[in-house]
Amino acid sequence: MNSRLTGPEPTEALEPDSAIRLLEAMQRARQFDKLAVALQRQGVVAGYGQAEGQEAAQIGAVWAMRDDDMVFPSYRQPGVALHRGVSVRDMLRFYSRHELCTWDWRACRFAPYAVPVGSQLSHAVGWAMADRARGGDQVTLAFFGEGSASQGEVHEAMNMAGVYRAPVVFLCENNGWAISTPFARQTASSTVYVRAEGYGFRGVRVDGNDVLAVAAAVRDATVAARAGLGPSLIEAVTYRLGGHTTADDPSLYRPDHEFEVWRRNDPIDRFAQVCVSLGAMEDSAVEIIRERVYGEIRSAAAEFAEEFGV
Ligand SMILES: Cc1ncc(C[n+]2csc(CCOP(=O)(O)OP(=O)(O)O)c2C)c(N)n1
């Protein structure tokens, strides 16, 4: 646990050491994703919900939090888990062996995955209110998807958070699709963030493939929440490049051209280009980081395979 009063300024991400750590965290998420898909195809992992393409929305958000702030995930944030110190081994146990939560979630400040969609928002509001009642100054971050935003429980959680000014950041990863349901079929509204006004708190829409934009929005939200100004709803517009899970074939419902547009908007490539063009790292460092993280994930997977005999 560290003693920072707030998360880092988003601009700190462009200081060379921070830029490397941030790019590493995004790469770790990406490489874990590739590993989990490969292990599912080999029959080791039972099922996996892909997060490829959503690394900026996820890592940018957790980057802006204080280390002791609690995170409530849905089921698609393995990179956030790894960033919070959950081991590759424990993530693989979850996906391959149906062991629900083998990580020390209190120590990692990363709650157990929540599969009933939207249920984690009530948990987050309860956690935030309990911490404040005990005199704490944590801010709680809750991830959810734009499909989950249609759940009644999400309304209940946001309404209560607004009434009690709970220090919560609601981070909606609007990846365009809830399994095969497109956003236009999810709601008649063109955005999610606009709902915040109805609950009486701040709502912001950001480019969810720009890690610095997400970090800046979440950072502002944590400062407001810690100052007693209540929750925020941040809609990070992003895209799931893979399937909903390894049991899904998105080519059956998603137009190819849409995928191609988002493929060219890869959040990791974008951040790497920003770092290089602003001089935070050399061109060659980008590949070195990718290779290093790939090696780290591979050896953790080998240890998992040895321990569990898979
Ligand atoms: C209460 C509940 N109803 C239905 C489901 C089945 N289900 C699993 S994922 C999903 C879509 C969720 O989409 P979204 O919230 O946009 O998140 P994403 O999967 O895109 O990250 C649904 C309906 C569920 N898990 N829980």
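Quick note: structure is the one above.
Residues numbered from 1 in each chain as written. Predicted model: local features only at pLDDT ≥ 70, side-chain atom pairs only at ≥ 80, totals over all residues. Heavy atoms only, no water.

Asks: Break down the packing of helix 1 (residues 16–41) against helix 12 (residues 267–277) for me, citing the residues and quoting the values.
Replies: Relative to each other, helix 1 and helix 12 sit at 165°, their axes nearing to 10 Å. Here helix 12 runs roughly antiparallel to helix 1, going by the angle between their axes. As helix 1 runs across helix 12, the sense of the crossing is left-handed. Contact residues: helix 1 offers A19, L22, L23, M26, Q27 and R30, while helix 12 offers P267, I268, F271, A272 and C275. In terms of residue class, the contact of helix 1 with helix 12 is built from nine nonpolar, one polar and one charged. (Axes fitted to C-alpha atoms, helices over the stretch in contact; angles between N-to-C directions. Helix = DSSP H or I, 4+ residues; strand = E, 2+ residues; numbered from the N terminus. Parallel < 35°, antiparallel > 145°, perpendicular 65-115°, else oblique. Left-handed = near helix turned anticlockwise from the far one by under 90°. Contact = heavy atoms within 4.5 Å. Nonpolar A, V, L, I, M, F, W, Y, C, P; charged D, E, K, R; others polar.)

Asks: Hey, could you go over the environment of H98 for me, with residue numbers and the actual values?
Replies: Examined against the element boundaries, H98 turns out to sit in the loop between helix 4 (88–97) and helix 5 (105–108). Look at H98 and you get exposed, because its relative accessible area is 61%. Between the C-alpha atoms of H98 and R28, which are 70 residues apart in sequence, the distance is 22 Å. If we skip the residues at most four places from it in the chain, H98 touches A46 and R93. (Buried < 20%, exposed > 50% of the residue type's maximum accessible area, 1.4 Å probe, protein only.)

Asks: Which residues make up the sheet that holds strand 2 (residues 140–145), and what are the values?
Replies: Strand order in the open sheet formed by five strands is 1-2-3-7-6, with parallel pairing between adjacent strands. Either end of the sheet is taken by a strand with one partner, and the two such strands are strand 1 (71–72) and strand 6 (202–207). Of the pairings in the sheet, the one linking strand 3 (residues 168–174) to strand 7 (residues 232–237) comprises six bridges and is parallel in character. By the bridge assignment, V169 is partnered in strand 7 with S232. Running over the sheet, helix 2 (residues 55–63) touches strand 1, strand 2, strand 3 and strand 7 and is turned about 170° from strand 2. (Pairing = 2+ DSSP bridges.)

Asks: Help me get a handle on the side chain of T140, residues and values and all.
Replies: Its location among the elements puts T140 in strand 2. We classify T140 as buried; its relative accessible area is 0%. If we ignore the near neighbours within four places in the chain, the residues touching T140 are M65, M70, F72, A124, W127, A128, P167, V168 and V169.

Asks: Tell me what's going on with the site of the ligand, and back it up with residues and numbers.
Replies: The immediate surroundings of the ligand are formed by 15 residues, with Y75, R76, V115, G147 and S148 found nearest. Take R76: an N or O atom from its side chain is 2.8 Å from an oxygen atom of the ligand. In isolation the ligand offers 580 Å² of accessible surface; the protein chains occlude 70% of this area. Here the shell around the ligand is composed, by residue class, of seven nonpolar, six polar and two charged. (Near = heavy atom within 4 Å. Polar contact = N/O pair within 3.5 Å; in protein donor to acceptor, adjacent residues only side chain to side chain. Areas by Shrake-Rupley, 256 points an atom, 1.4 Å probe, with all protein chains shown as cover.)

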